[in-house]
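Chain residues, written in single-letter form:
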Amino acid sequence: MTLVDTPATMTGGPSLAQERRLVTAIPGPRSQELIARKAAAVASGVGHTLPISVVSAGGGVIVDADGNSLIDLGSGIAVTGVGNSAPRVVEAVTAQLNSFTHTCFTVSPYEGYVAVAEKLNELTPGDHVKRTALFNSGAEAVENAVKIARHYTKKQAVVAFDHAYHGRTNLTMGLTAKNIPYKSGFGPFASEVYRAPLSYPFRDGGLSGAEAAARAISVIEKQVGAENLAAIIIEPIQGEGGFIVPAQGFLPALVEWAAANDVVFIADEVQTGFARTGAWFASEHEGIVPDLVVAAKGIAGGLPLSAVTGRAEIMDSAMAGGLGGTYGGNPLACAAALATIETYEEDGLIERAREIGAVLIGRLNALRTADPRIGDVRGRGAMVAIELVDPATGAPDAALTNAVAKYAHANGVVVLTCGTYGNVIRFLPPLTISDELLIDGLSVVAEGLKNA
Ligand code: PLZ
C-alpha cells in the first residue's frame, strides 16, 4: 500500500488565494484515491458530506489534493469562525507546542486553562459570579452540564425539545430528537429524559412565543413535574434540527419558569456560540441569562475544546474530583481559545457576523420572492438557512435539498444540509470570508435551485 501519494501539504490560512477554482471534476483523481482508502480503512458509519481530500484551508476557502479551491460555507460545522489556520491561533498553538503539550489540568494546573475560564466567565451572559469547567467535545460538555444540574438540584429528570441535537454519546443521543442517523439501533438510551414541544414559527401555525412556551410548560408539568426536574436544555437557535429560531418570548418564558421552579436552565450554545450569530452568545438576542451555558465549536479555531460556564453556586456543587477528564482543557486547545477570542475581538468579527447575516438574508429573501419552493429564510448573523418545500402543500422537500447541495458541491461550494425532515440548507461561513466569495457561493446555490 502506498502511504503518501498526495502532494505536500500546502500552507493554509488567510493568505491562500481567495477564489473558487475548479481544475478537475469533484472529486478529482487524488480525492477519489483517498475516498477509496477511506472506504477500506474507516468505519462506514463515519460519513462524509463532500468526497474530497483536503490539503489546506483559510479565509473562506478549502483546497483539495487536486488543486480545486472550494468556497467554505460550512466552517467545519460552525467551528472555524476565525477561519482555518488563523494567524494568531497558529502562533499561539506553535508557542504552546514548544513549551509543553500536556500535564492533565487535574494533576498539575497551568495558566491557559484558568485564563480561558476567566474569559468565559466574563463573556457569557449575566453578571453573576460564575465558574467554568473545560472538556473536549460538545457532547462531553452537555453531559457535564446535566451532571452538575442533577447534583445541584438533587433531582433527576431532564427536558429536551423537539428537533433538538445535543450529541452522539449515550446521554446526548437520548437528548437528541432525530432517530436516523443519530439513534436508530444505538439504544437503550439514558433514562429520565423527556421531550417538550418547541416554538417553530414556520410550522406551528403561528403560535406566539408565549403560547408556545405555555404549551411546553404544560407538557413538562403534566408529564414530568417540576419537583422531579433537574434541568431544561435547549439550543437558543436549533442547529442540526433545522436552524429553528423560536418565536420571540419563548426562551424568556422558559427561563422564568425554570427560575421559579428550582430547575436549572441550560443553554446549549455549542453551535450558536462565539460570535456566530452576531453576538458572543445567541442567548443575548433575547436578553436571557441561562444558569449554565455550554460552548464548544467556535471557541478554539478548530482545536477540540468545550466548556460549561454558569452560576458559581451550581457549578461548585459537585464534590472535589467530581469533574474532570484526561484531556479537558488541553494546553494547546486553551492557547488556541485565547488566540481565537482575541481574534474575534480585535478583528471585529461579531460585527462581521452581522454583516454576513445581512448579505445572506437579503440575497436569500430575494431568491425566495421569485421561488416559492423556498418556504422560509431564517437565522441570525452568520447562521442562516432556507427551508425547501413543495409550494402547493408546504411539505418538506428533502430531494430538492439534496439536489441543490449536490450541485453546489460539484461546482465548488461547501454547503451543509440539516433539519428533522432533511429539507434545510444552512449557511455557516467563516467570519473571515469576503463578500465576493460569499455572493459567488450563494449564486451557485441559486443556480442549483434553478437547475433542480
Ligand atoms: N450541541 C447544539 O450542534 C454538534 C454534529 C456533527 P460535538 N453539532 C454537529 C455530527 O454529525 O456529529 C453539537 C451541536 C449542539 C452539541 C453538539 C455536539 O458537539 O462536539 O460534536 O460532540
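Bear in mind that the values here come from a model prediction, so they are computed numbers and not experimental data.

J.: Can you tell me about the domain arrangement of the protein chain, naming the residues and giving the values?
T.: Partitioning the protein chain into structural domains gives domain 1 (2-85 + 349-451) and domain 2 (89-346). The gap between the C-alpha centroids of domain 1 and domain 2 is 26 Å. Listed as interface residues are 40 residues of domain 1 and, on the opposing side, 33 residues of domain 2. Interface of domain 1 and domain 2: buried area, both sides summed, is about 2900 Å²; carbon and sulfur atoms make up 61% of it. Among the residues domain 1 hides against domain 2, the three largest losses belong to Ile350, Arg380 and Met383. Together they make up 26% of the total. The tally of links from domain 1 across to domain 2 stands at two salt bridges.

J.: Go over the pairing of strand β11 (residues 374-380), please, and point to the residues and values.
T.: Consecutive side chains of a regular strand alternate in pointing toward one face of the sheet and then the other. The buried fraction of β11 is high, at five of seven residues. For β11 and strand β12 (residues 383-388), the ladder comprises six bridges, and the chain directions are antiparallel. Among the inter-strand pairings, isoleucine 374 is bridged to a residue of β12, identified as leucine 388. Connecting β11 to the antiparallel partner β12 that follows it, the hairpin turn spans two residues, and glycine 381 within it adopts a positive phi of roughly 55°.

J.: Lay out the pattern of salt bridges in plain terms, naming residues and giving numbers.
T.: Charged atoms that come close allow side chains of opposite charge to pair. This structure, assessed with the given rule, holds 17 salt bridges. The salt bridge involving aspartate 291 is made with arginine 311; its shortest N-O contact spans 2.7 Å. Linking aspartate 291 in the loop between β8 (264-268) and β9 (292-295) with arginine 311 in strand β10 (residues 306-311), this pair joins segments that are 20 residues apart in sequence. Exposure remark for aspartate 291: the relative accessible area of 14% places this residue in the buried category. Assessed through its relative accessible area of 21%, arginine 311 is described here as partly exposed. Here aspartate 376 makes a salt bridge to arginine 378, at a shortest N to O gap of 2.8 Å. One exposure class covers both aspartate 376 and arginine 378, and it is buried. Bridged by salt links that share partners, the residues Arg203, Asp376, Arg378 and Glu387 form one connected network.

J.: Talk me through the site of the ligand; I want residue IDs and the actual numbers.
T.: Taken together, 14 residues are adjacent to the ligand, and Gly138, Ala139, Arg168, Asp268 and Gln271 come closest. Arginine 168 places a side-chain nitrogen or oxygen 2.6 Å from an oxygen atom of the ligand. Bound to the protein, the ligand loses 82% of the 510 Å² it would expose on its own. Residue composition of the shell around the ligand, by class: four nonpolar, five polar and five charged.

Cut-offs used in this document
Residues numbered from 1 in each chain as written. Predicted model: local features only at pLDDT ≥ 70, side-chain atom pairs only at ≥ 80, totals over all residues. Heavy atoms only, no water. Domains from an automatic or database assignment. Contact = heavy atoms within 4.5 Å. Buried area = accessible area lost by both parts, 1.4 Å probe. Salt bridge = Lys/Arg side-chain N within 4 Å of Asp/Glu carboxyl O. Buried < 20%, exposed > 50% of the residue type's maximum accessible area, 1.4 Å probe, protein only. Helix = DSSP H or I, 4+ residues; strand = E, 2+ residues; numbered from the N terminus. Pairing = 2+ DSSP bridges. Near = heavy atom within 4 Å. Polar contact = N/O pair within 3.5 Å; in protein donor to acceptor, adjacent residues only side chain to side chain. Areas by Shrake-Rupley, 256 points an atom, 1.4 Å probe, with all protein chains shown as cover. Nonpolar A, V, L, I, M, F, W, Y, C, P; charged D, E, K, R; others polar.

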